[in-house]
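# Close look at the chain arrangement
Listed here are the chains, written in short residue letters.
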Amino acid sequence: METLMLPFSPRFIVLTICAVVTALLLAIGIVDHNPKVFDILLIPILIFGGLTLLGIRDLLQKGHAILRNYPISAHMRFLLEEIRPEMRQYFFESEKDGMPFSRDTRAVVYQRAKMVLDKRPFGTQEDVYREGYEWMNHSVAPKVRSEEKFRISIGGPDCARPYSASVFNISAMSFGALSPNAVRSLNAGAKKGGFAHDTGEGGVSPYHRENGGDIIWEIGSGYFGCRHRDGSFDPEEFARVAADDQIKMVELKISQGAKPGHGGVLPAAKVSEEISKIRGVAVGEDCISPATHRAFSTPLEMMAFVGNMRKLSGGKPAGFKMCIGHPWEFLAICKAMLESGIYPDFIVIDGNEGGTGAAPLEFMDHLGMPMREGVSFVHNALIGINARDRIKIGASGKIATAFDMARAMAIGADWCNSARGFMFALGCIQSLSCHTDRCPTGVTTQDPIRNRALVVPHKTERVYNYHHASLHALSELIAAGGLEHPQDLRPIHFSQRSSTTEVCSFAERYPALRPGELLEGTEDRRFRDAWAMARADSFAPEG
């Protein structure tokens, strides 16, 4: 009896109704010989008949248990799951909700990119008494807002061609990850605003060169654009490409925030003739970016490689980018600097909160040091070996507003890079579909129909506006703090609520080493044991 009643149970009732309605409609059409009646019934028959066939298919398929138990109706569940992110974003998020970036942060980038009113009424929506709330201290003697564009010189004593860089630049995003029109717009905006555009590890594409904006050429473990056919580094090709005056700095990528210690593969099917030419890989073969470098395997060899990059580029600033992992490994690099006498001109610190690239959940959420701790660690390590004055530090990781920049520079950064901030300026709506090739705004897709929606002249203006307005906001923050340049920012200028009743300054949260303290022998627990474990001839710990 129970089996006979199954078609009328909530699980199967939708299929039963569709089947019964289809049968009734067919019967009416057959019994009534009027052709006009059948014409009227044809569309309902097709609809209910199609749903009936779908339900039968659901019962017979073996991949989804929920479809076998709830034929037809279970598809509504999949549909709702598909549109859940959009429903939350458009109808349920508050201004401060939303990850990775809140609605409020996205809105201010859009407003600045469009040069429309970016002010907020009626007071802050932040809970200023929650644990973790941060603020910048203002001065009772504020300065007049500076009209300076805030630039720094990057290039140590061994650099023959220092680069005057903006304190706010476009972070590493490769062509292939970004569409041609996105790369064109970013570089054209950089050209107009006088700031730099990092290529990412995918090589220097024609779209990077088209508009003449300053380029930071990033070299990853795949050595794309400067490799032999076997994937090894090609110094002659590197020198040829790096000689281009548009390339202002060369950057060695050790790791990135989204997936430190993880390689990548561009499947053979996606390696077009264009990608093949730009990256120097074979058409129709997997394009592999290994997890580790082949050109060096020790800190000393790494420093020699950085020094060789500087030499081959004709004396341009050479440095490296990394997300900090084992503390002793970066301190081993510091020891290699001291032993070899080779120092990078700059170091870019990426945080595990950064990254436009898709990554496994475990890597994205739980691997690598956050940017602020990473910047503070590197800043103090360089102070501790008396090298801070010759090496500039860039910060990259969830930076979108002037406050984000000021906070990073107070901790130790000399300049900041932003990837997702500039993606928002292009029109990105944080649909989280970057890895699907179905980006709704044409920013992260190679589909020519989709990326044609991104109109280069219009988006160029938005990229320029966002940079210009962000530096304007930064200059206002600096002036309100009684300072003249972001380089004047110190940890003492920022505070954080550690509980509902206690506040600490960043100077307490990020204590500083004394100049030369690592050389003299530190007792600071953040560095003492790791310094003892570090060795210049290996990334492995001592002992």
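Residues numbered from 1 in each chain as written. Predicted model: local features only at pLDDT ≥ 70, side-chain atom pairs only at ≥ 80, totals over all residues. Heavy atoms only, no water.

## Considering unusual backbone geometry
Not every positive phi belongs to a glycine, and Met115 is a case in point at roughly 55°. Examined against the element boundaries, Met115 turns out to sit in the loop between helix H5 (103-114) and strand E1 (134-136). At Lys398, a residue that is not glycine, the phi angle is positive and equals roughly 60°. Positionally, Lys398 belongs in the loop between strand E12 (392-396) and helix H14 (402-411). (Helix = DSSP H or I, 4+ residues; strand = E, 2+ residues; numbered from the N terminus.)

## A few points about the environment of Gly49
Within the element layout of this structure, Gly49 appears in helix H2 (residues 35-60). A residue is classified by how much of its surface remains accessible, and Gly49, at 15% relative accessible area, is buried. In this structure the C-alpha to C-alpha distance between Gly49 and Ala473, which are 424 residues apart in sequence, comes to 61 Å. If we skip the residues at most four places from it in the chain, Gly49 touches Thr22 and Pro44. (Buried < 20%, exposed > 50% of the residue type's maximum accessible area, 1.4 Å probe, protein only. Contact = heavy atoms within 4.5 Å.)

## A few points about the nonpolar core
Ranked by size, the top nonpolar core spans 120 residues in total, and within it Trp217, Phe320, Phe330, Leu382 and Leu474 carry the most contacts. No other element matches the eight residues that helix H11 (residues 327-340) contributes to this core. Setting aside chain neighbours within four positions, we find Phe330 in contact with Phe320, Met322, Ile324, Ile347, Phe377, Val378, Ala381 and Leu382. (Core = buried A, V, L, I, M, F, W, Y, C linked by side-chain atoms within 4.5 Å.)

## Topic: the packing of helix H13 (residues 371-384) against H14
Their axes nearest at 8 Å, the elements H13 and H14 cross at an angle of 30°. Comparing the axis directions of H13 and H14 gives the class roughly parallel. Here Met371, Arg372, Val375, Ser376 and His379 of H13 lie close against H14, whose contacting residues are Arg407, Ala408 and Ile411. (Axes fitted to C-alpha atoms, helices over the stretch in contact; angles between N-to-C directions. Parallel < 35°, antiparallel > 145°, perpendicular 65-115°, else oblique.)

## Focus: the packing of H14 against helix H17 (residues 456-480)
Look at H14 against H17: their axes get within 8 Å of each other, and the N-to-C directions meet at 55°. Regarding the angle of H14 to H17, the classification is oblique. Of the two elements, H14 crosses H17, and the hand of that crossing is right-handed. When H14 is examined against H17, the residues Ala402, Phe403, Met405, Ala406 and Met409 are found in contact with a partner set consisting of Ser470, Ala473, Leu474 and Leu477. (Left-handed = near helix turned anticlockwise from the far one by under 90°.)

## What about H17?
The terminal C-alpha atoms of H17 lie 36 Å apart, and with 25 residues this matches the ideal 36 Å at 1.5 Å per residue to within 8%. In the stretch just after H17, Gly482 is the one whose phi turns positive, near 80°. (Expected span 1.5 Å × (residues − 1).)

## Thoughts on the sheet that holds strand E15 (residues 503-505)
Taken in spatial order, the three strands line up as E1-E14-E15 in an open sheet, and their pairing is antiparallel. At either end of the open sheet lies a strand with only one pairing partner, and these are E1 and E15. Ignoring strand direction, the axes of neighbouring strands in this sheet form an average angle of 25°. Where strand E14 (residues 494-497) lies against E15, three bridges are found, and the strand directions are antiparallel. Paired with Gln496 across the bridge in E15 is Cys504. (Pairing = 2+ DSSP bridges.)

## A short note on the packing of aromatic side chains
The geometry of an aromatic ring pair comes down to the distance between the two centres and the angle between the two planes. Counted according to the given criterion, the structure contains 19 aromatic pairs. Geometrically, the ring pair formed by Phe330 and Phe377 is edge-to-face, given 6.3 Å between the ring centres and 65° between the ring planes. On the criterion of sequence distance, the pair formed by Phe330 in helix H11 and Phe377 in helix H13 is long-range, its members being 47 residues apart. Relative accessible area serves as the criterion here: at 0%, Phe330 is assigned to the buried category. The interplanar angle of 55° and the centroid separation of 5.6 Å between the aromatic rings of Phe403 and Phe494 together place this pair among those described as tilted. With a gap of 91 residues between them, Phe403 in helix H14 and Phe494 in strand E14 connect regions that are remote in the sequence. A relative accessible area of 23% means that Phe403 is categorised as partly exposed. (Phe/Tyr/Trp six-rings, centres within 6.5 Å; stacked < 30°, edge-to-face > 60°.)

## Here's the deal with the pattern of salt bridges
All chains considered together, the criterion is met by 29 salt bridges. Arg57 is the partner of Asp58 in a salt bridge, and the nearest nitrogen-oxygen pair spans 3.7 Å. Owing to a relative accessible area of 0%, Asp58 belongs among the buried residues under this scheme. Taking the shortest distance from any N to any O, the salt bridge between Glu520 and Arg514 comes out at 3.2 Å. When salt bridges with common partners are traced through the structure, they connect Glu134, Arg372, Asp404 and Arg407 into a single cluster. (Salt bridge = Lys/Arg side-chain N within 4 Å of Asp/Glu carboxyl O.)

## A look at H14
Among the ten residues of H14, nine are classified as buried, and the element is accordingly described as predominantly covered. Those residues of H14 not exposed but buried are Ala402, Asp404, Met405, Ala406, Arg407, Ala408, Met409, Ala410 and Ile411. Of the residues one or two after H14, Gly412 is the one with positive phi, at around 150°.

## Here we look at the side chain of Ser396
With respect to the element layout, Ser396 can be found in strand E12. Ignoring sequence-local partners within four residues, the contact set of Ser396 consists of Ser171, Val348, Ile349, Asp350, Gly351, Met371 and Asn417.

## Quick look at the environment of Met322
Looking at the element boundaries, Met322 is found in strand E10 (residues 318-323). On a C-alpha basis, the gap between Met322 and Gly368 in space is 9.8 Å, while along the polypeptide they are 46 residues apart.

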